[in-house]
Amino acid sequence: MATAVKDAPEKDAGSAMQVDAGFNIPDPTTIDRLEGKVSDAEWKLRCDLAATYRLCAMHAWTDLVFTHISARLPDEDGEERFLINPYGVMFDEMTASSLVKIDLEGNIKQDTPYFINPAGFTIHSAVHSAREDAGCVIHVHTPYGIAVSVQKEGLRRYTQFSMQVHEDLAYHDYEGIALDLDERERLIADVGEKNLLILRNHGTLTVGKNCALAFLRMYFLENACKTQILAQAVGGAEHLHEEPEDMGQRVHQQTAPAFMPGLGDNLVWPGLMRKLNRTNPGFDH
C-alpha cells in the first residue's frame, strides 16, 4: 500500500491539506489486514480503538467523519506513537487495520492508503503530550454535549449522571477550528489533571488509561448533558432542583472506583464487545 501523499514534505505528509481534489478513500474492509504484521500490543490497541469508534457510532456520538478518538501506542525508537482515524472513514465501519499510526506532530508513520485530518489531532496531541495516563482520548460533537457547552454555568448537579463526573470536569474556551498549535498550551493548562473536558461552544472530551475507561467516562458525561437538556425543557433554573456541592463530591467519591483500571472497564467492556460482535462485527479486520 502506498502512502496517500508521496511528494508532500514530511511535516504535512498524509494530511488533508496536502490532498488534491478527486482523491479516493478505500473501503476499510478491502485493505490488507495488519494482524501479524505489527506487534501483538499494537494489534490489540488497534482492535480496541476500532471497537471504540463503532461503539460511539452505536450510541450516536458521531459527526460524520469530523471527530476523533486517539490511542497511545508503545514508543518506537524512543519516539511516541499514536493511532487515529483515517479521514473519510465512518465510525461504524472503522477497522483495526485502517487506523493510521502517527507521531506527536501528526506525521504518518506507516504505509497506508489513507490521510488524516490535521485539526483532528491538535486537541488530542495536547492531551497526550501532557498526560502519560492518556492512553485514549475521545472527542465528540453531540447535540446535547454542545448544548451544555454553550451554557454559561456549564454542567449542573441536576442528576446522578452529572454528579458522577462533575468533580472531574474542566472547561476550555472556544478558539475556532483547532488548527492553531498554540492552542495546545492553553488546553493543557485548562484540562490539568481532570479526565473530562467541555470545550465551550464545541463539544466534549474524555481521557482514560485505556479505551474502555475513556468510553465509560464519555457515556456518563453525554448522559449528564442529555438529561440536563431534557430537564431544562420545563423552564429556567427556578424550576429545577440542583444538588449542593457536598452531595456532588459525595457521589463522585462513591463512584470513583468505577473509573479505576481493572474495575469499571472489566465490568462493562466485555459485554460491549459481545454486543458489538452481535450487531456490527468486523472491527478486528
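Everything below is about the structure printed above this text.
Everything numeric here is computed off the predicted structure, so don't read it as measured data.

Asker: Got a sec to walk through the overall build of the protein? Specific residues and values, please.
Answerer: Looking only at helices and strands, the protein features 8 helices and 7 strands. Radius of gyration (C-alpha) of the protein: 19 Å, near the 19 Å computed for a compact globule of 285 residues. For the protein, the C-alpha atoms occupy an extent of roughly 60 × 40 × 35 Å along the three principal directions. When the 285 residues of the protein are sorted by exposure, 51% land in the buried category.

Asker: How would you sum up the environment of isoleucine 31? Please name residues and give values.
Answerer: Tracing the sequence through the fold places isoleucine 31 in the segment before helix H1 (40-58). Given the relative accessible area of 8%, isoleucine 31 is considered buried. Remark: the alpha-carbon pair of isoleucine 31 and threonine 95, spanning 64 residues in sequence, is separated by 9.7 Å.

Asker: An account of the nonpolar core is needed here, citing residue identities and associated values.
Answerer: Core analysis: the biggest nonpolar cluster contains 43 residues, and Ile138 and Trp269 have the highest contact counts within it. Going through the elements one at a time, H1, strand E1 (68-76), strand E2 (79-84), strand E3 (100-102), strand E4 (136-140), helix H6 (211-231) and helix H8 (264-279) are the ones with two or more residues in this core. The greatest single-element share of this core, amounting to 8 residues, is contributed by H1. Look past the residues within four positions of tryptophan 269 in its chain and what remains in contact with it is Asp48, Ala51, Thr52, Leu55, Cys211, Ala212 and Phe215.

Asker: Give me the sheet that holds strand E6 (residues 196-199): which residues, what numbers.
Answerer: Judged by pairing direction, the sheet is mixed, and its 7 strands sit side by side in the order E3-E2-E1-E4-E7-E6-E5 without closing on themselves. Only two strands of the sheet have a single partner each, and these edge strands are E3 and strand E5 (169-172). Direction aside, the axes of adjacent strands within the sheet are offset by 25° on average. Across the sheet, helix H2 (residues 118-130) touches E1, E2, E3, E4, E6 and strand E7 (203-208), and the angle it forms with E1 is around 50°. Its contacts with the sheet place helix H5 (residues 183-191) against E5 and E6, and it is angled at close to 155° to E5.

Asker: Before we move on, can you summarise the state of the cysteines with the specific residues and values?
Answerer: Considering all chains together, one arrives at 0 disulfides under this definition. The thiol sulfur of cysteine 56 is not disulfide-bonded, and the nearest other cysteine sulfur, from cysteine 136, lies at 8.3 Å. Look at cysteine 56 and you get buried, because its relative accessible area is 0%. Considering cysteine sulfurs only, cysteine 136 is the nearest to cysteine 211, which forms no disulfide, with 3.9 Å between them.

Asker: Tell me about the pairing of E6, and please be specific about residues and values.
Answerer: Side chains of E6 alternate between two faces, with Leu196 and Ile198 and Leu197 and Leu199 buried alike. Where E5 lies against E6, 4 bridges are found, and the strand directions are parallel. Across the sheet, residue alanine 170 finds its bridge partner in E6, namely leucine 197. The sheet contact formed by E6 and E7 spans 4 bridges and is antiparallel. Among the inter-strand pairings, leucine 199 is bridged to a residue of E7, identified as glycine 203. Counting the residues between successive antiparallel strands, the hairpin from E6 to E7 contains 3 residues, one of them, asparagine 201, with a positive phi of roughly 60°.

Asker: For the packing of H6 against H8, give the residues involved together with the corresponding values.
Answerer: Close contact between H6 and H8 brings their axes to 9 Å; oriented N to C, the two are set at 90°. In terms of their interaxial angle, H6 and H8 are classed as roughly perpendicular. Facing H6, whose interface residues are Cys211, Ala212, Leu213, Phe215 and Leu216, H8 presents Gly264, Asp265, Val268, Trp269 and Leu272. Of the residues in the contact of H6 with H8, the class split is 8 nonpolar, 1 polar and 1 charged.

Asker: How would you explain the pattern of salt bridges if you had to name every residue and give the values?
Answerer: Taken as a whole, this structure holds 15 salt bridges when the rule is applied. In this structure, arginine 200 engages aspartate 173 in a salt bridge whose closest nitrogen and oxygen atoms are separated by 3.7 Å. Here arginine 200, found in the loop between E6 and E7, pairs with aspartate 173, found in the loop between E5 and H5; they are 27 residues apart in sequence, far enough to count as distant. Connected through salt bridges with shared partners, the residues Glu42, Arg46, Glu76, Glu79, Arg81 and Lys101 form a single ionic network.

Asker: Give a description of the pairing of E2 that names residues and reports values.
Answerer: For E1 and E2, the ladder comprises 4 bridges, and the chain directions are antiparallel. Looking at the pairing, glutamate 76 lines up with glutamate 79 of E2. Between E1 and the antiparallel strand that follows it, E2, lie 2 residues; aspartate 77 among them carries a positive phi value of about 55°. Direction of pairing for E2 relative to E3: antiparallel, over a ladder of 3 bridges. Note on E3: the bridge partner recorded for leucine 83 is lysine 101.

Conventions and cut-offs
- Residues numbered from 1 in each chain as written.
- Predicted model: local features only at pLDDT ≥ 70, side-chain atom pairs only at ≥ 80, totals over all residues.
- Heavy atoms only, no water.
- Helix = DSSP H or I, 4+ residues; strand = E, 2+ residues; numbered from the N terminus.
- Rg over C-alpha atoms; globule rule 2.2 N^0.38 Å.
- Buried < 20%, exposed > 50% of the residue type's maximum accessible area, 1.4 Å probe, protein only.
- Core = buried A, V, L, I, M, F, W, Y, C linked by side-chain atoms within 4.5 Å.
- Contact = heavy atoms within 4.5 Å.
- Pairing = 2+ DSSP bridges.
- Axes fitted to C-alpha atoms, helices over the stretch in contact; angles between N-to-C directions.
- Disulfide = S-S within 2.5 Å.
- Parallel < 35°, antiparallel > 145°, perpendicular 65-115°, else oblique.
- Nonpolar A, V, L, I, M, F, W, Y, C, P; charged D, E, K, R; others polar.
- Salt bridge = Lys/Arg side-chain N within 4 Å of Asp/Glu carboxyl O.

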